[in-house]
Each structure stands twice: as structure tokens, then as C-alpha cells.
Amino acid sequence: MTKIKNIDDCYNASHDEASRQGYVSLMRKFIMNDISKLMRQDYDKEVKPDFFSKETRFPSSGEEVRQSIEKTEIYKFWSSLRYNAQEMVWESVRKGVEREIPNLISIYNNALKDKSRLATLELNSDLAMPDYVALRDVHLMPGCWQNEYTKDDLSQGAMYAHGGSVFRGSFMPSKKRSGVASSVSKWLSIRYPDFNPTNILEPGCTIGNNLFPYLEIYPNATLNGVDLAAPCLRYAFSRAVEKGIKANFYQQNAEQMSFENDSFDLIVSSFFFHELSVDATKKVIKECYRVLAPGGILVNMELPSSSQVDPYYNFYLDWDNEHNNEPHYRDFRSQDFQQLLNISGFDFNNCFNVTIPDIGGSSAKYFSDVALGKTEPPKHGNYTSWCLFGAIK
Ligand SMILES: C[S@@+](CC[C@H](N)C(=O)[O-])C[C@H]1O[C@@H](n2cnc3c(N)ncnc32)[C@H](O)[C@@H]1O
């Protein structure tokens, strides 16, 4: 039997499963690169001129692009393949995760017995789930973030860990991408060299993928993760125990957190706000303002707002709104992020909205020049650059 080293290794794909996962990653790459390019060519050659001949102008919003492109064969082909590939991502790892449920639980139960108490976990089984996670399987992941099938279940955390690798495999065939947290923390260290946070919070932390890397730049900080989903928090906590780091995980709704005012000097989030209702995003940002210490920084990695990109890219990004169980996507992106921060208490002059390159996919000089505003930032793109909005309190 294979020796299990840690919770992330608690997964053994069979030959056929590994081959299926490789296939799904490559199929996604084919859809998102090759077929997307053909669809764009068809749009420029046929759909856009056709729109112009009827309206004497070009489509001015993502919605107008969507309505005109939806009738084309290439769009139908691309969209249905993309939807099926998304389901296949989860399906390709589900059985392997289910097989490991007893082992996952046993690793977690051992982590609970850890004597160092460097990592902590506070669960609240009475926490009410808001509709935006309770009513649907976000990202088409069966069971969403929070569903539990047995006592001490971690399987949704494991689904996200392993399904995420299949999903990202299509964008990251080489090791040349470092991801959000490594990029953002490096950007912070260049942009604000005297800033040295000691207490970092991530609302919507899931399994800590984009929380743990902050220790590379701020090794003395304590990490804190808040999430609604117990299975993901158990997984994140088990990882923290294995790493022997100071990290606290809380099952809470980020709309109303239990922390004292001014508790954290850095609050980060990634891939989080677009899944919340617009009303909830406002409440969470207000809470972030409340629990952030004066002089502290809030930095959120998100999709670009619709005003930052052209109508075609808006259509392309907002596909998830109708087809990926993410019905708040478009409304979230249509907000003015700086105004969102401003109505939550942040001074307008202390807000930022920038795009940075991925630290692993760019030269150190280019990365630093972008951070210092010496050169043009990159365009937003799949895992090659990150849009950030945030503020200093
Ligand atoms: C897309 S995932 C975030 C991914 C994670 N930040 C990362 O970078 O890997 C969204 C997470 O937000 C959590 N979530 C959604 N609404 C929340 C809320 N109101 N309070 C706390 N967590 C929430 C979900 O349970 C889920 O784990």
C-alpha cells in the first residue's frame, strides 16, 4: 500500500482515472485556447459586421455580444463543450476522493490531536448557509463547498484540491505559473516595502491555497482563514498542522465575523467576491473595513470589472453567469470596485485597482517595474496576470 505522507497525497488515481484527468485538462485547453480563437475569428468576420449592418454600430456590451453570438454554430459548439468539460473535471476526481474518505478523516482526526496547538479550528454546525451557496452547486462541483456526507467529512475540500489541479492543468501545462498569493505577496513587498503584517485574514479561504503562500514573504505572520464550509476548513486545518504553522480557521459567514475591530493588518481574498450576491459583497467589504487595523491593507484578487475590458471579453468572462452556476458574476463585475470600497468606509484616495503579472510567468524586472508603476501593466488573461482591487485603511 502507498504510504500517505500528507493530506494532499491522500489520493491515488488509478491508471484509467489519471488518463481521464489528463484528457479533461487537455480538452479544456483545446476549448479555451483553440476553439476560443476560432470563435473570436468568426465573431470579427461574421457576427460583428452583421450587427453593424443592422444597427450601424458595433456591440457595446457583453450582453449585446452574447445575444448576437449565441446563434452561431461555433458558439454552441464551444459553449456545450465547455459546460461538459467543467462537469468532467469534477467527475474525473470524484470516485478517487470517495475512496479516500476514511483516510482523509483519519488524517484530520490525527491533526486534531496535535499537541503543538499552533493551528486551530473553530467549527459552527449551526451556521446558516446563505442562498448563494445553499441553492446550487457553484462551479458545477457536486456538493458545492459545504455539503457533508458523513461525520467529520472533508471530501468537498479534497474535491476542490484535486479537481482544481485538473482544471488549472489546462492553463498551467508547465511550472511557469506561481499563482495568486505568491504574486500578490511579492507585489505588496515591492509596492509597500515597510509593510510587515503579523496577522493576516482571508475570508473565503476554502482549503488555504492562496493563504499559506503569504508565509513566503511574511514568515512571522499568523494566518487566519474564514469560510462557510466545514469540509474545506477541516482540509485547510489538516494542512496547517502538517506544515507546523500558526494558522487559525473559523467557520463563519464573512458578512458578519466575530473578530474585534482593527484585528488584522492584512486582509486578502481571491476568486471570492464574484460568487456572492451583490448585497453580500457590500456587507463583507464593510466587515473587512471594520476588522482591518488603521494603516492595514485589504487586497482582493478578482475578475476585472466590466468597465475595464472590452465588450467581447465581457461576454467571454460572463459565460459563467449563465452556465457555471455563478449567477452573481455579471452583477458583481458591473460594479465600480473603488466605489464599493468607498461606501464601506475606505478613503477614495487610498483605493487601488491594478493588474499585475503572475510572478512565476514574468521576469523579476518586469514584475517589479509593474509594481512600481514604471511600465504598463499586463492585460488580464488566464492565469498569466491578476486583477487586484483594494485599499489602505
Ligand atoms: C472560489 S472559493 C475561494 C477560493 C480560495 N480563495 C482560493 O483562492 O483557493 C469561494 C469560497 O468562499 C466561501 N464562501 C462563500 N461565501 C462565503 C461567506 N459569506 N463567508 C465565508 N465564506 C464564504 C465558499 O465556501 C468557498 O470556499
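Residues numbered from 1 in each chain as written. Predicted model: local features only at pLDDT ≥ 70, side-chain atom pairs only at ≥ 80, totals over all residues.

*Asks:* Lay out the site of the ligand with the relevant residues and their values.
*Replies:* Around the ligand, the structure places 24 residues, and the nearest of them are Trp145, Gly204, Thr206, Asn210 and Ala254. When the residues that make up the shell around the ligand are grouped by side-chain class, the tally is 14 nonpolar, seven polar and three charged. (Near = placed C-beta within 6 Å. Nonpolar A, V, L, I, M, F, W, Y, C, P; charged D, E, K, R; others polar.)

*Asks:* Report on the sheet that holds strand S7 (residues 351-357), specifying residues and quantitative values.
*Replies:* Spatially, eight strands are ordered S1-S4-S3-S2-S5-S6-S8-S7 in an open sheet, and the strand pairing comes out mixed. In this open sheet, the two edge strands, each paired with only one partner strand, are strand S1 (119-122) and S7. Each strand axis lies, on average, 20 degrees off the axis of its neighbour in the sheet, ignoring direction. One ladder, built from seven bridges, connects S7 with strand S8 (residues 385-392); its direction is antiparallel. Note that in S8 the partner of Pro357 across the bridge is Ser385. Against the sheet, helix H6 (residues 180-191) contacts strand S5 (264-270), strand S6 (292-302), S7 and S8, and its axis sits at roughly 140 degrees relative to S6. In this fold helix H9 (residues 278-291) packs onto strand S2 (199-203), S5 and S6, with an angle of close to 145 degrees to the strand it touches most, S6. (Pairing = 2+ DSSP bridges. Helix = DSSP H or I, 4+ residues; strand = E, 2+ residues; numbered from the N terminus. Axes fitted to C-alpha atoms, helices over the stretch in contact; angles between N-to-C directions. Contact = placed C-beta atoms within 7 Å.)

*Asks:* Help me get a handle on helix H8 (residues 230-243), residues and values and all.
*Replies:* A rise of 1.5 Å per residue sets the reference length of H8, with its 14 residues, at 20 Å; its end C-alpha atoms lie 20 Å apart and thus fit the reference within 8%. Judged by how many residues are buried, H8 sits mostly within the fold: twelve of 14 residues are covered. Turning to H8, its buried residues are Ala230, Pro231, Cys232, Leu233, Arg234, Tyr235, Ala236, Phe237, Ser238, Arg239, Ala240 and Val241. In the core, the buried residues of H8 are packed alongside helix H3 (73-112), S1, helix H5 (155-169), strand S3 (222-227) and strand S4 (247-251). (Expected span 1.5 Å × (residues − 1). Buried ≥ 20, exposed ≤ 12 C-beta atoms within 10 Å, placed from the backbone.)

*Asks:* Talk me through the pairing of S1; I want residue IDs and the actual numbers.
*Replies:* Residue alternation in S1 divides its side chains into a buried set, Ala119 and Leu121, and an unburied set, Thr120 and Glu122. The pairing of S1 with S4 spans four bridges and is parallel. In the sheet register, Ala119 faces S4, and the bridge partner there is Ala247.

*Asks:* Let's hear about the nonpolar core: which residues, and what values?
*Replies:* Residues Val184, Ile200 and Ala236 are the most contacted members of the largest nonpolar core, which totals 96 residues. No other element matches the eleven residues that H3 contributes to this core. Once you skip the residues sitting within four places of it in the chain, Ile200 turns out to touch Tyr214, Tyr218, Ala221, Leu223, Asn224, Phe264, Leu266 and Val268. (Core = buried A, V, L, I, M, F, W, Y, C linked by C-beta atoms within 7 Å.)

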